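# Structure assessment
Listed here are the chains, written in short residue letters.
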Amino acid sequence: MSRIGKQPVVLPDGVTATIDGQHVEVKGPKGTLSYDVHESIAVKQDGNTLVLEKKLESNLVQALFGTSRARVQNLVTGVSEGYKKELQMVGVGYRSQVQGNTLVVNAGYSNPVEMSIPSGIEVAVEKNTQLSVSGIDKQLVGQFAANVRAIRKPEPYLGKGIRYVDEYVRRKEGKTAK
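All of the points below concern the structure found in this document. (Residues numbered from 1 in each chain as written. Predicted model: local features only at pLDDT ≥ 70, side-chain atom pairs only at ≥ 80, totals over all residues. Heavy atoms only, no water.)

## Considerations on unusual backbone geometry
Generally, phi is negative for residues other than glycine and the peptide bonds are trans, each holding for most cases. A positive phi angle, close to 60°, is found at K127, a residue other than glycine. Tracing the chain through its elements places K127 in the loop between β11 (121–126) and β12 (130–135). You can call K127 exposed: its relative accessible area is 69%. Residues other than glycine seldom take positive phi values, yet N128 does so here, at roughly 60°. Mapped onto the secondary structure, N128 falls in the loop between β11 and β12. Judged by its relative accessible area of 43%, N128 is partly exposed. (Helix = DSSP H or I, 4+ residues; strand = E, 2+ residues; numbered from the N terminus. Buried < 20%, exposed > 50% of the residue type's maximum accessible area, 1.4 Å probe, protein only.)

Written out as C-alpha cells, the structure is:
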C-alpha cells in the first residue's frame with residue numbers, strides 16, 4: 001500500500017491548480033507546469049489541497065498511485081520554489097562558459113564540447129569551474145545536469161571530472177612500487 005499516494009498535496013500561497021479530467025495544470029509565481037495523470041487515478045481539489053484516489057485496484061494502479069502523487073508534488077514545488085543543481089569541475093584546464101544559448105565545456109578533450117541549453121533551463125557559471133542549472137521542471141533540470149556530468153564523469157584515481165557539489169567520489173589507491 002502506497003503511503004505517499006495517500007498524502008494530500010498542499011498548494012502554497014500564490015499557487016493555483018486547474019483540473020480538467022486527467023490533466024492537471026499548476027500555475028505559480030515562477031511559471032506554469034502540467035501533467036496528465038493515468039486514467040485509473042482520480043485527482044480532486046479540496047480547498048488548497050489536491051487529493052489523489054485510485055479508481056480501481058490492480059498492481060499497475062498501485063505502482064502508479066504514489067508516482068502520480070509525487071509528480072503532482074514536483075509540479076507544485078517547481079512553480080513555487082524551482083529546482084537547482086550545482087556542478088563543479090575538478091581538473092587542470094577544466095572550465096565552462098555560456099555563449100548565448102550554448103554551454104561550452106572544456107574538459108580535457110582536444111575540442112570543447114558544446115551543448116545547447118533547452119528552453120526553461122537557466123545555466124549560470126561562477127568562477128569558470130562552478131556551474132548551476134536551475135529551472136521549474138525537476139526532470140528537465142536533472143536530465144540536463146546529468147548530461148553535463150556525462151561529458152567527463154569523475155574518475156576514482158585522481159578525482160578529476162565533472163561532479164555534483166554534494167557528490168562524494170570514492171578514491172582508489174593507485175599502483176604501488178615493489
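## Quick look at the sheet that holds strand β5 (residues 41–46)
The pairing of strands in a sheet comes from backbone hydrogen bonds and takes either a parallel or an antiparallel form. A sheet is described by the order of its strands in space; here three strands give the open sequence β1-β6-β5, paired in antiparallel fashion. The open sheet has two free edges, formed respectively by β1 (9–10) and β5, since each of these has just one partner strand. Inspection of the sheet shows β1 paired to strand β6 (residues 49–54) by two bridges, in the antiparallel sense. Counterpart to V9 in the pairing with β6 is L50. Running over the sheet, helix α2 (residues 59–80) touches β1, β5 and β6 and is turned about 165° from β6. (Pairing = 2+ DSSP bridges. Contact = heavy atoms within 4.5 Å. Axes fitted to C-alpha atoms, helices over the stretch in contact; angles between N-to-C directions.)

## Examining the packing of aromatic side chains
The final tally for this structure, using the stated rule, is zero aromatic pairs. Over the ring of Y164 we find K85, and its NZ or CZ is 5.4 Å from the ring centre. (Phe/Tyr/Trp six-rings, centres within 6.5 Å; stacked < 30°, edge-to-face > 60°. Lys NZ or Arg CZ within 6 Å of the ring centre and 35° of its normal.)

## Observations concerning α2
With 22 residues, α2 should reach 32 Å at 1.5 Å per residue; the first-to-last C-alpha distance of 33 Å fits that figure. F65 marks the point of greatest bend in α2, at about 25°. Among all positions of α2, only V61, F65, G66, S68, R69, V72, L75, V76, T77, G78 and V79 are buried. G82 sits one or two residues past α2 and shows a positive phi near 90°. (Expected span 1.5 Å × (residues − 1). Bend = angle between axes of the 7 residues up to and from the residue.)

## Observations concerning the sheet that holds strand β8 (residues 95–99)
Sheet architecture is open: three strands sit in the order β8-β9-β10, paired in antiparallel fashion. Looking along the sheet, the strands with just one partner apiece sit at the ends: β8 and β10 (113–116). Across this sheet, the average inter-strand angle for adjacent strands is 20°, counted without regard to direction. Pairing analysis gives five bridges linking β8 to strand β9 (residues 102–106), with the strands arranged antiparallel. Each bridged residue has a counterpart across the sheet, and for S96 the counterpart in β9 is V105.

## Thoughts on helix α3 (residues 138–149)
Over its twelve residues, α3 extends 16 Å from the first C-alpha to the last, a length consistent with the 16 Å expected when each residue adds 1.5 Å. Looking at α3, one finds that the buried residues are V141, F144, A145, V148 and R149. Down the axis of α3, the buried side of the element spans an arc of 140°, and every buried residue falls inside it. Taken together, the buried residues of α3 touch β7 (83–90), β9, β10, β11, β12 and β13 (161–164). (Arc of directions from axis to C-beta.)

## Notes on the environment of T49
Of note, T49 is situated in strand β6. The exposure class of T49 is buried, given its relative accessible area of 16%. In this structure the C-alpha to C-alpha distance between T49 and G159, which are 110 residues apart in sequence, comes to 46 Å. Once residues within four sequence positions are removed from consideration, T49 is found in contact with P8, V9, V10 and K44.

## Remarks on the side chain of S132
Looking at the element boundaries, S132 is found in strand β12. Residue S132 is classed as buried on the basis of its relative accessible area of 5%. Every residue in contact with S132, bar those within four places of it in the chain, is listed here: K84, K85, E86, E122, V123, A124 and E126.

In short, shape yes, function no, at least from these values alone.
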